[in-house]
Amino acid sequence: MNSLKLTVLAGPTAVGKGTISRRLIELHPEVYLSISATTRSPRENEQDGVHYHFLTLSDFNEKIENNEFLEWAIVHGVHKYGTLRDPIEQAIQDGHIPLLEIDLQGARILRETVPSAQFVFLSPPSFEELITRLGIRGTESYEDRMRRLNTAKEELASAHEFDHIIVNENIEDAVDELAKFMNL
Ligand code: 5GP
């Protein structure tokens with residue numbers, strides 16, 4: 001487990017992690033984008049097994065008990081999110097390069113448990129820009145957006161813990177920088 005070669009992409013909500021990782025796998029199909037499990041409900045455009053594995057709380061807890069997660073965390077103080085161990089190991093066996101898009105807590109856990117992993121922090125050009133982007137996304141309620149912004153403040157303060165920081169000024173440049181960092 002200690003020698004798993006994987007890349008962790010973390011960063012505050014709405015910073016563009018999803019857009020950048022999707023673009024990266026379009027350009028580099030050898031990258032395997034990990035599909036997390038979560039107890040939150042799917043958004044309108046989300047499909048089970050594609051965007052997330054949507055689990056009930058009791059199914060999620062059973063997987064915790066069975067040690068099926070590489071890491072898991074309660075994100076934004078509400079729902080559980082986690083990375084399943086088996087698909088990552090399988091992807092590596094198949095010659096793919098796993099990319100995990102997870103939160104700060106998950107990144108900190110993996111820093112301890114998988115020392116061979118490398119950690120990238122995706123940062124917005126400014127906090128104001130992050131607020132604007134979160135407003136534009138419009139998929140969350142006001143209360144939810146406030147909760148996410150509070151988590152984002154904490155996450156931004158942790159950027160120095162990462163091996164590399166990418167400022168997401170524009171998507172193509174950020175994808176390019178991530179690809180170089182991953183030696184793709
Ligand atoms: P969303 O609900 O917007 O899809 O995701 C909320 C947050 O959960 C994001 O910051 C995302 O990085 C994080 N997240 C998604 N999957 C995982 C995971 O498997 N583990 C952890 N620790 N965080 C995750």
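Above this text you will find the structure in question.
So, here is what we can say about the structure in this document. (Residues numbered from 1 in each chain as written. Predicted model: local features only at pLDDT ≥ 70, side-chain atom pairs only at ≥ 80, totals over all residues. Heavy atoms only, no water.)

## What to know about the pattern of salt bridges
Moving on, step 1. Counting across every chain of the model gives 13 salt bridges.
Moving on, step 2. In this structure, E68 engages K63 in a salt bridge whose closest nitrogen and oxygen atoms are separated by 3.5 Å.
Moving on, step 3. Residue E129 is joined to R133 by a salt bridge in which the shortest nitrogen-to-oxygen separation is 2.9 Å. Of the two residues, E129 and R133 both sit in helix 5 (residues 127–137), four residues apart, roughly one turn of that helix. (Salt bridge = Lys/Arg side-chain N within 4 Å of Asp/Glu carboxyl O. Helix = DSSP H or I, 4+ residues; strand = E, 2+ residues; numbered from the N terminus.)

## Quick notes on the packing of aromatic side chains
Moving on, step 1. One pass over the full model with this rule turns up five aromatic pairs.
Moving on, step 2. On the numbers, 5.8 Å between centres and 65 degrees between planes, the contact of Y52 with Y81 is edge-to-face. Here Y52 is found in the loop between strand 3 (37–38) and strand 4 (53–54), whereas its partner Y81 is found in strand 6 (residues 79–84), with 29 residues between them in sequence.
Moving on, step 3. A residue is classified by how much of its surface remains accessible, and Y81, at 13% relative accessible area, is buried.
Moving on, step 4. Chaining the aromatic ring pairs together yields one cluster made of Y52, F54 and Y81. (Phe/Tyr/Trp six-rings, centres within 6.5 Å; stacked < 30°, edge-to-face > 60°. Buried < 20%, exposed > 50% of the residue type's maximum accessible area, 1.4 Å probe, protein only.)

## Overview of the layout of surface pockets
Moving on, step 1. Of the volumes computed, that of the largest pocket is approximately 1200 Å³.
Moving on, step 2. Considering the residues around the largest pocket, the lining is formed by 44 residues, among which G18, R43, Y52, E101 and R137 are closest to the centre.
Moving on, step 3. Listed by contribution, the elements that provide at least two residues to the lining of the largest pocket are helix 1 (17–27), strand 2 (31–33), strand 5 (69–75), strand 6, helix 5 and helix 6 (142–156).
Moving on, step 4. Tallying contributions element by element places helix 1 first for the lining of the largest pocket, with five residues.
Moving on, step 5. Looking at side-chain class alone, the lining of the largest pocket contains 15 nonpolar, 16 polar and 13 charged residues.
Moving on, step 6. A volume near 190 Å³ is recorded for the second largest pocket.
Moving on, step 7. R40, H79, Y81, D144 and R148 are the residues nearest the centre of the second largest pocket, which is lined by 13 residues in total.
Moving on, step 8. Secondary-structure elements contributing two or more residues to the lining of the second largest pocket are strand 6 and helix 6.
Moving on, step 9. Of the residues contributing to the lining of the second largest pocket, the split by class is three nonpolar, four polar and six charged. (1 Å grid on protein atoms, 1.4 Å probe; cavity = no way out; pocket = protein on both sides within 12 Å on 5 of 7 lines; lining within 4 Å. Points joined across faces, edges and corners; volume = space filled by probe spheres on them. Nonpolar A, V, L, I, M, F, W, Y, C, P; charged D, E, K, R; others polar.)

These results come straight from atomic positions and should not be treated as a statement about function.
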